[in-house]
Amino acid sequence: MMEMFIYETRQFLEELEQLALASEQSQSFSEDDVNEIFRAMHTIKGSAAMMMLDEISKLAHSVEDIFFYIREKHPQKVDTSTITDLVLNAVDFMRQETDELDGGGGANASSKELRDKTESFLREMKISNGDDPDEDLRKYKKSPSAQPSPSEEKKPQQYYISAKPEKKQPENLHVYKAVLHFEEGCEMEEVRSYAVINNLKESTDELFYKPEKLLEDDHAAESIRKDGLQMWFTSELDHQTVEDALNTTIFMKKLELKELGSVSECEYWPSVQQQAVDAAETSAPIVPKVPQAEHKVKQPAHHEAQQMISVKVSKLDRLMDLVGELVIAEAMVTQNPDLNGLELHNFQKAARQLHKIDNELQDSVMSIRMVPLEGTFRKMNRIVRDMTKTLGKKARLVLQGEDTEVDKNIIEHIGDPLMHIVRNSMDHGIEMPEERAACGKQETGTVTISAENAGGEVVIRVSDDGAGIDKEKVLAKARENHLFTKPESELTDQEIYSFIFAPGFSTNKEVTQYSGRGVGMDVVVKNIEKLGGKVVVDSTPGEGSVTTLRIPLTLAIIEGMSLSVGDSTYTIPINSIKESFKPDIGSVFKDPDGSEMIMVRGECYPVVRLSHLYHKTDAIEDIDKGIMVLAESGQRIMGIFADKLIGVQEIVVKPIPKYIQEVSHTKGITGCTLLGDGSISLIIDAASLEKEIFL
Amino acid sequence: MADEREVQEDTQKDKYLTFRLADESYGIDISVVIEIIGIQPITTVPEVPEYVRGIINLRGKIIPVVDMRLRFGKDFRTYTDRTCVIVIDVHEVPIGLIVDGVAEVLDITEDHIVPPPSLKAAQNRYIRGIGKTGKADENITLLLDWEKLFSPEEEIAMGEMPALAGDMNENGN
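Everything numeric in this text was worked out from a predicted model, so none of it was measured. (Residues numbered from 1 in each chain as written. Chains lettered and ligands numbered in written order. Predicted model: local features only at pLDDT ≥ 70, side-chain atom pairs only at ≥ 80, totals over all residues. Heavy atoms only, no water.)

**Description of the overall build of chain B**
- Secondary structure assignment for chain B yields five helices and 11 strands.
- Going through the 173 residues of chain B one by one, you find that 43% of them count as buried. (Helix = DSSP H or I, 4+ residues; strand = E, 2+ residues; numbered from the N terminus. Buried < 20%, exposed > 50% of the residue type's maximum accessible area, 1.4 Å probe, protein only.)

See below:
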């Protein structure tokens, strides 16, 4: 129950945040946005109240009020950015509380301050738009807009909830009166009552209750507190069943359930005529909005619950292994030596079909764990926005390649590092607008986050067009903290920049809200290393800096080209291959040190013979008998020489077993994969191979 | 759950899987053994000590295999159909041990185990104890200290042994 609440609320919070940010950017709230935000807040309010999280519920209520006002009155003056602030603050508060709940704690923080702020803002907005701040909108809305006749106004209103007004009372129906009292101080009685009514609605034929307008009338809670929730209904269920059903209500103090002889004994049982009037009233143009909204809010919540299930990752791993086994088993059957030389047309046909299904099964199992980076990237929008506000800077965030899919595990671990890097860029990188103008740059800085799959890695870059890293400042601080591991003169730029990742390192003299403690970048390295990845910073003074995260994909589907070398098979990710060709004799030459090179279209590239690199003795030595693959990493290109091309196929990247990693440093190999026949192929990564051969 | 595991541990207590390696009989705690398989096609991995033969595909799982003969500095023997791979679980890391052949599962209680003498030629460091079995304790089983055998420090020590490193390069080139 609680898990569901947390899950749902988080979804809504995410949605709310994105909506608010989008609205702020467009400087207006579209009607859809208002409705969406209203709905989301309303649902959170309701479910939080059910979970007895009153602080969240009350806060949601006050924010909801703002949007209620906007929706109903269409005020002229809407301070979008303040409203966004309020919404985001509320979202933050709720997120914090849900996190707390998730961690097993109780959500006890008070939202009073936020609530007061929201309420006073709404008051001001009402005044500035010439509306009466004390007017109760919910009441206003209730009475039909076109001058309601006094008689209609006075008539006791019944809220009619049954869907079948015309239905006559069958004989086997029982008539009940129930009065339900909640415990004192349980708060949000009206929402609780609404839940009770909703539950009851399903098992009753006709149902009336008092107070009539639970959610719209602000005095409903008070009246329930005083007189209890009074209900009159007819149902086919017997006394005991009804009582049992009502007894499950949370926080119920007292229940009086009476079976009445007939409908006429009920104090409040509207005549058919009245019902018709009420029905007409409720279907008046403006009134249905609330029930309608209610309806829509409820729907998606249920929908999602059914469309998403959370599965233990270990189960997925097991499934993955089984599929791997299946593929091998398939190969063992279809390539069985016993079948050699036999003409088996029907068998071949069936085998092809099996192969196809196997492939699809494999693909879909692999895709289960893959999640696009989009969600994580989008969260950075918020950070950039908040920081521009507090720091007085101007910046925008550009996302590239956010549809890149990575393993779920990675998603979970890169949120924090990304946040710290973006913060760092905003705080240290992007200059104040005046400074930027003075340097001839656009006043608005740009922070770009990009992602791509490169080889067995996902590469995430965070770049900014700010001032770049001040080398001298970093050096001075590193000197102060005794971080040097070798003489200062021998340090490369890269090494100097990487000092910023040292724990406790900060060039800021003062601790600000965003930086200065030197914790952030340290976290980046730790988290990325946990994923087996690397962090590299580069910077050009005056032009900005780039932080690159390279994270190996523990489980990713990439396209790879398999090459055979002797009796071994190696796979090179297809996106690092530029071309492959059969070299001519004499196209490869040696320099005095014995390093081989090849000239292709006037450009000279180094040649790596896989057989030499990996000490294979049974490989082809003659250059014209093998195959040359030109692979690219960054700006550099190298020729990789192998025996022959096996083919291109989709492969699952699996990590090299930990034990092997411990005992060796395999050159240029980042992972391994299983080929269709069950044999293992080692994945060669152009980037790490590049490091082996270039200076 | 906890009870179940305790029971399981209890039934596996003092039980050792014995295997042959050259002339000796070795034993390993049955509780760490995942399974025993026949020798499989091995994919060699470059730049590893010679005793790490490479990796195998065990139903979709990639597992490193270590030749125990080479690991203990004995001569390499070509694999036959009697050669077995004992897959053990070293702190959640599966490792395959290539041995000459698997013998049986023996009950060796604590009182039948004697500590190995501390020798200068540090060869005994992977032996946790020496088990005596048979009617008159005439059969000797060397009980493997698998935890120590595959600890990172040991691997580094092995990697630094000049003889082995030299061997590897010669073979490689």
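**Quick word on the sheet that holds strand β4 (residues 52–58) of chain B**
Residues and elements named next belong to chain B.
- Read from one edge to the other, the open sheet built from five strands follows the order β3-β6-β7-β5-β4, with strand pairing classed as mixed. Edge positions in the sheet fall to β3 (33–38) and β4, since each of these pairs with one other strand and no more. Each strand of the sheet is rotated relative to its neighbour by a mean of 30°, with strand direction disregarded.
- With five bridges connecting them, β3 and strand β6 (residues 84–90) associate as antiparallel partners. By the bridge assignment for β6, I37 is matched with V85. (Pairing = 2+ DSSP bridges. Axes fitted to C-alpha atoms, helices over the stretch in contact; angles between N-to-C directions.)

**A few points about the environment of K258 of chain A**
- Along the chain, K258 of chain A turns up in strand β4 (residues 252–260).
- Excluding residues that lie within four positions of it along the chain, K258 of chain A makes contacts with V175, Y176 and K177 of chain A. (Contact = heavy atoms within 4.5 Å.)

**Some thoughts on the confidence of the model for chain A**
Residue and element names in this part refer to chain A.
- Of the residues in chain A, 80% have a pLDDT of 70 or more, and the chain-wide mean is 76.
- Low pLDDT (under 50) marks residues 140–169, which in the prediction has 54 contacts with non-local residues, meaning those over four places away or in another chain.
- Ignoring residues within four places in sequence, the model shows residues 279–305, a span with pLDDT below 50, making 31 contacts including any to other chains. (pLDDT = per-residue confidence, 0-100.)

**Overview of the pairing of strand β17 (residues 603–609) of chain A**
All names here are of chain A.
- Relative to β17, strand β16 (residues 596–600) is paired through four bridges, and the arrangement is antiparallel. Its bridge partner being in β17, M597 is matched across the sheet by P606.
- Here β17 pairs with strand β19 (residues 636–642) via three bridges, running parallel. Residue pairing for β19: V608 is matched across the bridge by I640.

**Describing the confidence of the model for chain B**
- Taken as a whole, chain B shows an average pLDDT of 78; of its residues, 78% reach a score of 70 or greater.
- Here residues 161–173 of chain B is modelled with pLDDT under 50, and outside its nearest four sequence neighbours on either side it reaches 11 contacts, counting other chains as well.

**Re the nonpolar core**
- Within the largest apolar cluster, 62 residues are counted, with the highest numbers of intra-cluster contacts made by L610 of chain A together with I28 and I88 of chain B.
- Filtering out sequence-adjacent residues up to four positions away, I88 of chain B remains in contact with I28, V32, V33, I34, V93, P94, I95, L97, W146 and F150 of chain B.
- Among the nonpolar cores identified, the runner-up in size contains 46 residues, and V406, L475, A478 and I551 of chain A belong to it. (Core = buried A, V, L, I, M, F, W, Y, C linked by side-chain atoms within 4.5 Å.)

**A closer look at the packing of helix α3 (residues 54–73) of chain A against helix α5 (residues 112–128) of chain A**
All names here are of chain A.
- The N-to-C vectors of α3 and α5 enclose an angle of 15°; their axes lie 9 Å apart at closest approach. Taken together, α3 and α5 sit at an angle that is classed as roughly parallel. Where α3 crosses over α5, the handedness of that crossing is left-handed. In this structure, α3 contributes E55, K58, L59, S62, V63, D65, I66, Y69 and I70 to the contact, and α5 contributes K112, L114, R115, T118, E119, F121, L122, M125 and K126.
- Residue composition of the contact of α3 with α5, by class: nine nonpolar, two polar and seven charged. (Parallel < 35°, antiparallel > 145°, perpendicular 65-115°, else oblique. Left-handed = near helix turned anticlockwise from the far one by under 90°. Nonpolar A, V, L, I, M, F, W, Y, C, P; charged D, E, K, R; others polar.)

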